[in-house]
Amino acid sequence: MKTDVVIVGAGPAGIFTAIEMLRKGSKKKIVIVEKGKSVENRRCPKNKTNKCVDCKPYCHITTGFSGAGAFSDGKLSLSFEVGGDLPELIGAEKAQETIEYTDKIYLEFGADEKIEGLDRNDEVKEIRKRAIRAGLKLVDCPIRHIGTEKAQALYLAIEKYLQENGVGILFEYECNAPIVQDGVCKGVTVTKSDGSQTLEIFAKHTVIATGRRGAGWLESVCERYGVEHTAGVVDIGVRVEVRNEIMETVNKTLYESKLIGYPLPFKNKVRTFCQNPGGFVSQENYDDRLAVVNGHSFKDLKTENTNVSILCSHHFSYPFNQPIAYAKKIGELANMLGAGQILVQRYGDILSGKRTWQDELSRSNVRPTLKDAVAGDITSALPYRTMVNIINFMQAVD
Ligand SMILES: Cc1cc2nc3c(=O)[nH]c(=O)nc-3n(C[C@H](O)[C@H](O)[C@H](O)COP(=O)(O)OP(=O)(O)OC[C@H]3O[C@@H](n4cnc5c(N)ncnc54)[C@H](O)[C@@H]3O)c2cc1C
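Residues numbered from 1 in each chain as written. Predicted model: local features only at pLDDT ≥ 70, side-chain atom pairs only at ≥ 80, totals over all residues.

Enquirer: Teacher, can you tell me more about the sheet that holds strand β10 (residues 234-243) here?
Expert: Through backbone hydrogen bonds, the strands of a sheet pair up, either in parallel or in antiparallel fashion. Pairing is antiparallel in the open sheet, where 5 strands are placed in the order β4-β11-β12-β15-β10. With partners counted over all chains shown, the strands left at the sheet margins are β4 (137-138) and β10, one partner each. Of the pairings in the sheet, the one linking β4 to strand β11 (residues 259-261) comprises 2 bridges and is antiparallel in character. Bridge assignment links Lys137 to a residue of β11, and that residue is Ile260. Here helix α9 (residues 323-337) sits on the sheet and contacts β10 and β15 (305-314); the angle it forms with β10, its principal contact strand, is near 40 degrees. Helix-sheet contacts for helix α12 (residues 384-397) involve β10, β11, β12 (270-276) and β15, and the interaxial angle to β15 is about 130 degrees. (Pairing = 2+ DSSP bridges. Helix = DSSP H or I, 4+ residues; strand = E, 2+ residues; numbered from the N terminus. Contact = placed C-beta atoms within 7 Å. Axes fitted to C-alpha atoms, helices over the stretch in contact; angles between N-to-C directions.)

Enquirer: Even after reading the chapter, I still don't get the site of the ligand, so can you show me in this structure?
Expert: Taken together, 32 residues are adjacent to the ligand, and Gly9, Gly11, Gly67, Gly211 and Gly214 come closest. Sorting elements by how many residues they give to the shell around the ligand places helix α1 (residues 12-23) first, with 3 residues. Residues that form the shell around the ligand fall into these classes: 11 nonpolar, 14 polar and 7 charged. (Near = placed C-beta within 6 Å. Nonpolar A, V, L, I, M, F, W, Y, C, P; charged D, E, K, R; others polar.)

Enquirer: Sorry, what's going on with α12 here?
Expert: For the α-helix, the turn length of 3.6 residues means that residues three or four positions removed from each other point alike. For α12, with 14 residues, the first-to-last C-alpha span of 20 Å sits near the 20 Å given by 1.5 Å per residue. For α12, the elements touching its buried residues are β10, β11, β12 and β15. (Expected span 1.5 Å × (residues − 1).)

Enquirer: Explain the sheet that holds strand β7 (residues 173-181) to me, please; I cannot follow it from the model alone.
Expert: Reading across from one edge, β6-β2-β1-β9-β8-β7 is the order of the 6 strands in this open sheet, with mixed pairing throughout. For this open sheet the edge positions go to β6 (168-171) and β7, each flanked by a neighbour on one side alone. Across the sheet, the axes of successive neighbouring strands diverge by a mean angle of 40 degrees, strand direction being ignored. Here 4 bridges tie strand β2 (residues 30-34) to β6, and the two strands are oriented parallel to one another. Of the residues in β6, the one forming a bridge with Val33 is Leu170.

Keep in mind that these numbers describe shape and distance, not what the molecule does.
As structure tokens, this is what we get:
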């Protein structure tokens, strides 16, 4: 196959590469290669089975059109202060401009007009005061909440727009390797997920947008072809679930509290991430059966719990440069202790230095929304530094 541009991965990065080319009036032939299915065919069977059945050859939660975000909360954080390294890479002003530009595209495809966290100034001030007293920073961040079910409809509209405008999308094809001739990338080889076909796609330009799940693969490609790359930061943490009553003030005022702290003794960055008022904790499986948790909240269907991630940033320096492999090992250890299932432990038990038992969990005020999570001991899996950071941060947030 021959094309002008081949994009590997149909997550937000790959999708918006194609959208932006079309919006700029490009007449180039674009082909997107995606390992998973189209958005309308992505389905997690857990609704019926009530437990993760470890779908093969890939997990529908993390793979397919719209990428890792398809079943997430569909929340757009509209401040450059929240998210990854973009402000360091292109400057804060340009990052903010880009966020606003992208937000307009989401609106065109049907995102909710409402922005959370802009009114209620006095209440925000009060929350900020309390955060400062606890040694935390409350980041101002307007949020557009699309909602899990509406995000899928929105991405379906984008998928149709791309196809109607001539973008070819090859679903269920996995890129194995770039085609490199004389030190220049000439395209990619891809294989159908059932192994029935392998194609060579020659392209003038190749864009690799394989997200977190493709990061290890991309790193190995860079190693093989001598492409310079740096190890990024990796965030390790837990998802905390509490009753809505506990988070009521914050939920109503901000929807999501973006809190950052640098707790003693390590002073590493610890932060809240992806808060889901009335939401669900969900499981997602990565390659090699690594099971991790995500959280999402529907616009209409609400639970009695709020969940939020608490993440601790890990930077490594010489001689270690494999942050993702490090995080994966910790995930594997937690999975091992849960016999392949997600571990859940009561905060009080962590402080008392004991594991949680299933019958204690069933007597608890909080009934986990992840029904097949098993009671156990998270502290036996997380490194000391990560665990201390999380406990100290939670105490400050409390
Ligand atoms: C728990 C959690 C909650 C989140 N909640 C939100 C939220 O509410 N709002 C928000 O804005 N962001 C959220 N995010 C972040 C968001 O999901 C990511 O920032 C975003 O998906 C990254 O986009 P991407 O295109 O870089 O990668 P991805 O979305 O991971 O997309 C990469 C795509 O490439 C495909 N792929 C990978 N390898 C190959 C290969 N070899 N060949 C072919 N295809 C391949 C994958 O199947 C995938 O579809 C959340 C993330 C997590 C983990």
